[in-house]
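# A closer look at the structure
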Amino acid sequence: MDFSRSLTRIILQKNSRTSSTASYASFDAPLRTLKEGLHVLELFHGPTLAFKDFGLQLLGNLFEDQIHRTDKSINVLGATSGDTGAAAIAGLANKKGVKVFILFPEGRVSPLQERQMTCTGAENIYPIPIRGSFDDAQHIIKELFGDLNFKASYGLSAVNSINLARILGQCIYYLRAWLQLPAEERSKPGTAGPEFIVPTGNFGNVLAGWLASKMGLPIPSFQIATNQNDILHRLFTTGSYHPGKVDPSLAPSMDIQVASNFERYLFYLRGKDGNVVASEMARLKERGGLSLSDFDPDTFTATRSDDEDIREAIRSCYQEFNYIIDPHTACGFKQINPDRSTVILSTAHPAKFPETIKESIGIESTHPTLEALKEKPPITYPAEPNASAVRELIKKHA
Ligand SMILES: *Cc1c(COP(=O)(O)O)cnc(C)c1O
């Protein structure tokens with residue numbers, strides 16, 4: 001797979017801005033052992049305290065490299081319901097030649113996430129609250145990218161969740177985890193080796209692991225952990241892929257119904273035949289669902305956690321191990337096989353979701369990075385919720 005070459009380049013090029021030494025110089029993915037054979041991979045030590053920093057710190061440096069090479073400035077445009085916007089802003093703040101315009105639904109992202117976007121103090125960041133929903137914001141973005149003249153003359157670039165560079169940046173922490181496992185657990189006699197449990201919504205996080213395994217990292221199995229928006233759980237247990245309505249949960253960053261990265265996995269299942277995948281996706285669109293009768297879940301299993309399971313996991317993990325997990329990570333505790341060495345991916349720091357932690361175990365979870373934000377003044381550039389208002393705002397500042 002050509003990905004492995006790109007990945008090797010990212011890891012080894014020590015002098016490049018895109019190397020992992022540059023992108024991940026300030027944070028790591030430590031493996032924390034809860035008990036023998038049970039580990040949590042902490043992916044929340046980056047600037048926004050969530051695993052999306054692994055993809056977006058790299059992407060920020062890739063953009064910087066591109067600007068350097070082409071001598072052309074760019075304007076990054078995106079819509080967010082929270083986490084992605086914050087991580088994209090952290091990856092691009094203060095970078096020369098980039099301006100970042102991020103739309104978000106006013107009053108509908110968590111106060112902490114809003115501060116992460118609006119209190120950076122960076123002059124090249126334009127957080128744009130609009131009166132409307134996330135879908136309205138997304139709609140405006142689509143319209144502006146569809147305006148090809150505007151797109152070309154302002155060098156518009158996207159940072160959406162299916163950006164492949166982001167997925168590549170995420171492959172790295174699977175390798176990092178594997179290297180930290182005790183040698184005897186990497187290939188325990190009589191067992192298949194470690195199982196990785198991955199909280200996922202868009203299938204991005206777990207796809208990165210699966211790609212790493214295809215590149216040669218010996219991870220024999222993955223467990224997909226979903227919240228009550230369980231389209232992936234249904235898919236991997238029944239072969240039926242039927243998007244429903246989003247049901248807001250305590251793990252909001254996994255509240256999705258169409259797992260856009262699944263298409264990429266399907267591509268490999270279908271022998272890398274893009275035409276077959278395209279016609280299956282067209283059928284999905286047409287009929288609102290897809291039954292994959294010959295679907296072989298291969299190395300994947302799946303679980304589903306509702307809000308009560310999430311609270312219960314936070315409580316029992318705290319009682320048993322004196323360790324606080326965030327509500328997304330909590331979905332990974334649903335079904336742990338005691339006979340396997342297990343790595344649960346922890347996707348966010350619990351302090352990002354203080355209400356749920358308080359409600360579950362009565363503890364105020366805080367983090368100095370988040371506390372420091374409260375001291376800084378928020379800067380926003382409000383716009384009317386339509387494409388022409390946002391276009392004017394970009395023209396004025398770009
Ligand atoms: C984005 C996010 C997820 C889901 O990631 P996918 O790429 O959809 O698999 C899980 N947890 C947290 C905290 C997130 O921000």
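Calculation criteria
Residues numbered from 1 in each chain as written. Predicted model: local features only at pLDDT ≥ 70, side-chain atom pairs only at ≥ 80, totals over all residues. Heavy atoms only, no water. Buried < 20%, exposed > 50% of the residue type's maximum accessible area, 1.4 Å probe, protein only. Helix = DSSP H or I, 4+ residues; strand = E, 2+ residues; numbered from the N terminus. Pairing = 2+ DSSP bridges. Axes fitted to C-alpha atoms, helices over the stretch in contact; angles between N-to-C directions. Contact = heavy atoms within 4.5 Å. Parallel < 35°, antiparallel > 145°, perpendicular 65-115°, else oblique. Left-handed = near helix turned anticlockwise from the far one by under 90°. Nonpolar A, V, L, I, M, F, W, Y, C, P; charged D, E, K, R; others polar. Salt bridge = Lys/Arg side-chain N within 4 Å of Asp/Glu carboxyl O. Phe/Tyr/Trp six-rings, centres within 6.5 Å; stacked < 30°, edge-to-face > 60°. Lys NZ or Arg CZ within 6 Å of the ring centre and 35° of its normal. Core = buried A, V, L, I, M, F, W, Y, C linked by side-chain atoms within 4.5 Å. Right-handed = clockwise from strand over helix to strand, strands pointing away. Domains from an automatic or database assignment. Polar contact = N/O pair within 3.5 Å; in protein donor to acceptor, adjacent residues only side chain to side chain.

### Focus: helix α10 (residues 204–214)
Every α-helix winds through 3.6 residues per turn, so residues three or four apart in the chain are directed the same way. In terms of burial, α10 is a largely internal element, 10 of the 11 residues being buried. What α10 keeps buried is the set Gly204, Asn205, Val206, Leu207, Ala208, Gly209, Trp210, Leu211, Ala212 and Ser213.

### What about the sheet that holds strand β4 (residues 98–105)?
The strand order across the open sheet formed by 4 strands is β5-β4-β3-β6, and the pairing between neighbours is parallel. Taken across any chain shown, the strands that pair with only one partner, and hence form the sheet edges, are β5 (125–130) and β6 (156–158). Direction aside, neighbouring strands of the sheet carry axes that sit 25° apart on average. Sheet topology note: the strand β3 (residues 74–79)/β6 ladder contains 3 bridges and is parallel. When the sheet's bridge partners are listed, Leu77 is paired in β6 with Ala158. Lying on the sheet, helix α6 (residues 134–146) is in contact with β3, β4, β5 and β6; it crosses β3 at an angle near 145°. Across the sheet, helix α18 (residues 387–397) touches β3, β4 and β5, and the angle it forms with β4 is around 155°.

### What about the environment of Lys35?
Structurally, Lys35 is set in strand β1 (residues 31–35). The spatial distance from the C-alpha of Lys35 to the C-alpha of Phe321 is 8.2 Å, given a sequence separation of 286 residues.

### Concerning the packing of helix α14 (residues 307–321) against helix α16 (residues 354–361)
Packing of α14 against α16 brings their axes to within 9 Å, and their N-to-C directions diverge by 65°. As summarised for this structure, α14 and α16 are arranged roughly perpendicular, according to the angle between their axes. Remark: the crossing between α14 and α16 carries right-handed chirality. Seen from α14, the contacting residues are Arg311, Ile314, Arg315 and Tyr318; seen from α16, they are Thr356, Ile357, Glu359, Ser360 and Ile361. Tallied by class, the residues present in the contact of α14 with α16 amount to 4 nonpolar, 2 polar and 3 charged.

### Some thoughts on the pattern of salt bridges
Within the structure shown, the criterion is met by 18 salt bridges. Note that Lys352 and Asp83 form a salt bridge whose closest N and O atoms lie 3.0 Å from each other. Here Asp83 lies in helix α4 (residues 83–92) and Lys352 lies in the loop between β12 (342–346) and α16, a separation of 269 residues in the sequence. In this structure Lys352 comes out as buried when scored by relative accessible area, which is 5%. The exposure class assigned to Asp83 is buried, which follows from its relative accessible area of 9%. Notably, a salt bridge pairs Arg131 with Glu384, separated by 3.2 Å at the nearest N-O pair.

### Notes on the packing of aromatic side chains
Applying the stated criterion across every chain yields a total of 27 aromatic pairs. Seen in terms of ring centroids, Phe27 and Phe54 are 5.0 Å apart; in terms of plane orientation they differ by 70°. Their pairing is edge-to-face. Of this pair, Phe27 sits in the loop between α2 (20–23) and β1 while Phe54 sits in helix α3 (residues 52–70), and the two are 27 residues apart along the sequence. For the residue pair Phe27 and Phe54, the accessibility class agrees, reading buried in each case. Ring geometry for Trp210 versus Tyr265: centroids 4.9 Å apart, planes at 90°, classification edge-to-face. Placement of Trp210 in helix α10 and of Tyr265 in helix α12 (residues 262–269) is noted, with a sequence separation of 55 residues between them. Both residues of the pair, Trp210 and Tyr265, count as buried. Looking at Arg186, its charged tip hangs above the ring of Trp178, at a distance of 4.8 Å from the centre. Against the face of Phe150 rests Arg391, its NZ or CZ located 5.7 Å from the ring centre.

### So, the nonpolar core
If you look at soluble globular proteins, the nonpolar side chains tend to sit buried side by side. By size, the foremost hydrophobic cluster in this structure holds 51 residues, and its most contacted members are Tyr174, Phe203, Phe236 and Phe262. Looking at this core, the element that brings in the most residues is helix α8 (residues 164–180), giving 8 residues. In this view, Phe203 contacts Ile224, Leu232, Phe236, Ala259, Asn261, Phe262, Tyr265 and Phe300; residues no more than four positions away in its chain are not counted. Counting 22 residues, the second largest nonpolar core, distinct from the first, contains Leu38, Leu250, Cys331 and Phe333.

### Structural notes on the pairing of β5
Looking along a regular strand, one sees the side chains alternate between the two faces of the sheet. In terms of burial, β5 is largely enclosed, as 6 of its 6 residues are buried. Note: β4 against β5, 6 bridges, orientation parallel. Paired with Pro105 across the strands is Ile130, a residue of β5. Read from β4 through helix α5 (residues 111–118) to β5, the crossover connection turns out right-handed.

### Regarding the domain arrangement of the chain
For the chain, the assigned domains are domain 1 (3–50 + 166–368) and domain 2 (53–163 + 373–397). Computed from C-alpha coordinates alone, the two centres of domain 1 and domain 2 are separated by 26 Å. Across the boundary between the two partners, domain 1 contributes 29 residues, which contact 24 residues of domain 2. Between the two partners, domain 1 and domain 2, sit 1 salt bridge. Applying the counting criterion to the domain 1 and domain 2 interface returns 11 residue pairs in polar contact (both at pLDDT 80 or more). Only α2 and α8 provide two or more residues apiece to the side of domain 1 that touches domain 2. In terms of residue count, α8 provides more of the side of domain 1 that touches domain 2 than any other element does, 5 residues in total. Residues belonging to the side of domain 1 that touches domain 2 are distributed by class as follows: 13 nonpolar, 11 polar and 5 charged.

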